[in-house]
2 protein chains.
Amino acid sequence: MNEKNHENCPLTQALLVIGGKWKPLIISHLQKSPKRFGQLHTLIPKLSRKVLTSQLQELTRDKLITRHSYAETPPRVEYRLTEKSKELVPIFQSMSKWGMYLIDKKIIEEREDN
Amino acid sequence: MNEKNHENCPLTQALLVIGGKWKPLIISHLQKSPKRFGQLHTLIPKLSRKVLTSQLQELTRDKLITRHSYAETPPRVEYRLTEKSKELVPIFQSMSKWGMYLIDKKIIEEREDN
DNA sequence: CGGGATCCTTAAAGATACTG
DNA sequence: CAGTATCTTTAAGGATCCCG
């Protein structure tokens, strides 16, 4: 890590972009194929439409996903990963694998996240 | 009980534990050697003492760090990683490496973090 | 030195209604 | 369908003082 200037710490920078509690989940859901807004909402029901919108906008702004809007009726909007965010997929897979231990050990159990 | 199957998603579980925006940073700083409360506060000055306290308590509760208190005057308290959280270190290193591209490309630039 | 206990200020998230 | 707009509520975080 960079102990001199935390503003230049790459991990801090990365966390600014993917540190949101939903973003890794969104990215991993997009890994296999593009998804529509409603699909993502179904996949992550605890994520409200409003928050999903903001997270997608931030990810788009930061070039981690691209937004593809099709002029159909009803409208269709797809989100897909960029090359750069695809590099994150194995990282989240490792995290996911690590997370299995939490389930086994029931570390979480009753916690109210929400 | 309830069958919210996303609760069984290992990535979701992992994010519950390390998804806080400071926790990966704290864990990375502890990777080489144990650190004292004050050291961590110096290393991450933007993290207030109160929030640092809460983050350390949560990490301790979730068995990602251990707290070692020495009966000295002035008191000394050290935090160190557990075996399980040491497995996270390479993951955060990958994230850190990935984060360098953000700095290069100046993706972040002006953003109201704080 | 390493916290805990309060109080207080905002930023984030929820609920609901509406639109191209 | 995929969002906006607006209002309300919650909770994260800061400031301050205290204590073993």
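Here goes a summary of the coordinates provided. (Residues numbered from 1 in each chain as written. Chains lettered and ligands numbered in written order. Predicted model: local features only at pLDDT ≥ 70, side-chain atom pairs only at ≥ 80, totals over all residues. Heavy atoms only, no water.)

**Considering the relation of the copies chain A and chain B**
Step number 1: For the pair chain A and chain B, the best superposition has an RMSD of 0.1 Å and corresponds to a rotation of 180° with a translation of 0.0 Å parallel to the axis. When the rotation and shift are considered jointly, the pair of chain copies conforms to a two-fold rotation axis. (Least-squares fit on C-alpha atoms with pLDDT ≥ 70 in both.)

**A closer look at the protein's contact with DNA strand D**
Step number 1: Close to DNA strand D lie 17 residues; R36(A), R49(A), R67(A), Y79(A) and K50(B) are nearest.
Step number 2: Taken together, the sugar and phosphate atoms account for 56% of what DNA strand D places within 4 Å of the protein.
Step number 3: Interatomic distance of 2.8 Å between a side-chain N/O atom of R67(A) and a phosphate oxygen of DNA strand D.
Step number 4: Y79(A) places a polar side-chain atom, nitrogen or oxygen, 2.7 Å from a phosphate oxygen of DNA strand D.
Step number 5: At the level of elements, α3 (37-43), α4 (49-61) and β3 (76-81) of chain A together with α4 (49-61) of chain B are the ones that each hand at least two residues to the surface near DNA strand D.
Step number 6: When residues in the surface near DNA strand D are grouped by element, the largest group, 4 residues, is from α4(A).
Step number 7: When grouped by side-chain class, the residues that make up the surface near DNA strand D number 7 nonpolar, 4 polar and 6 charged. (Near = heavy atom within 4 Å. Polar contact = N/O pair within 3.5 Å; in protein donor to acceptor, adjacent residues only side chain to side chain. Helix = DSSP H or I, 4+ residues; strand = E, 2+ residues; numbered from the N terminus. Nonpolar A, V, L, I, M, F, W, Y, C, P; charged D, E, K, R; others polar.)

**Description of the interface of chain A and chain B**
Step number 1: With 44 residues of chain A at the contact, the number on the chain B side is 47 residues.
Step number 2: Across the chain A to chain B interface the summed buried area is about 4200 Å²; carbon plus sulfur atoms make up 74%.
Step number 3: Counting the contacts that link chain A with chain B gives 0 salt bridges.
Step number 4: Linking chain A with chain B are 2 residue pairs in polar contact (both at pLDDT 80 or more), by the criterion used here.
Step number 5: No other element matches helix α6 (residues 89-105) of chain A, which puts 11 residues into the side of chain A that touches chain B.
Step number 6: Among the residues making up the side of chain A that touches chain B, the classes are represented as 24 nonpolar, 9 polar and 11 charged. (Contact = heavy atoms within 4.5 Å. Buried area = accessible area lost by both parts, 1.4 Å probe. Salt bridge = Lys/Arg side-chain N within 4 Å of Asp/Glu carboxyl O.)

**A word on the packing of α6(A) against helix α1 (residues 10-18) of chain B**
Step number 1: Relative orientation of the contacting elements α6(A) and α1(B) amounts to 85°, with a least axis distance of 7 Å. Judged by the inter-axis angle, α6(A) sits roughly perpendicular to α1(B). Between α6(A) and α1(B), the residues in contact are F92(A), M95(A), S96(A), W98(A), G99(A), M100(A), L102(A) and I103(A) and P10(B), L11(B), Q13(B), A14(B), L15(B), V17(B) and I18(B), respectively.
Step number 2: In the contact of α6(A) with α1(B), the residues fall into 12 nonpolar, 3 polar and no charged. (Axes fitted to C-alpha atoms, helices over the stretch in contact; angles between N-to-C directions. Parallel < 35°, antiparallel > 145°, perpendicular 65-115°, else oblique.)

**Observations regarding the side chain of K23(A)**
Step number 1: Looking at the element boundaries, K23(A) is found in helix α2 (residues 23-29).
Step number 2: Once you skip the residues sitting within four places of it in the chain, K23(A) turns out to touch L16(A), V17(A), I18(A), Q55(A), E58(A) and L59(A).

**What to know about the sheet that holds strand β2 (residues 65-70) of chain B**
Residue and element names in this part refer to chain B.
Step number 1: Overall, antiparallel pairing links the 3 strands, which are arranged β1-β3-β2 in an open sheet. At either margin of the open sheet sits one strand with a lone partner, and together these are β1 (35-36) and β2.
Step number 2: Strand direction decides the pairing type here: β2 and strand β3 (residues 76-81), joined by 6 bridges, are antiparallel. Across the sheet, the residue bridging to T66 is R80, located in β3. (Pairing = 2+ DSSP bridges.)

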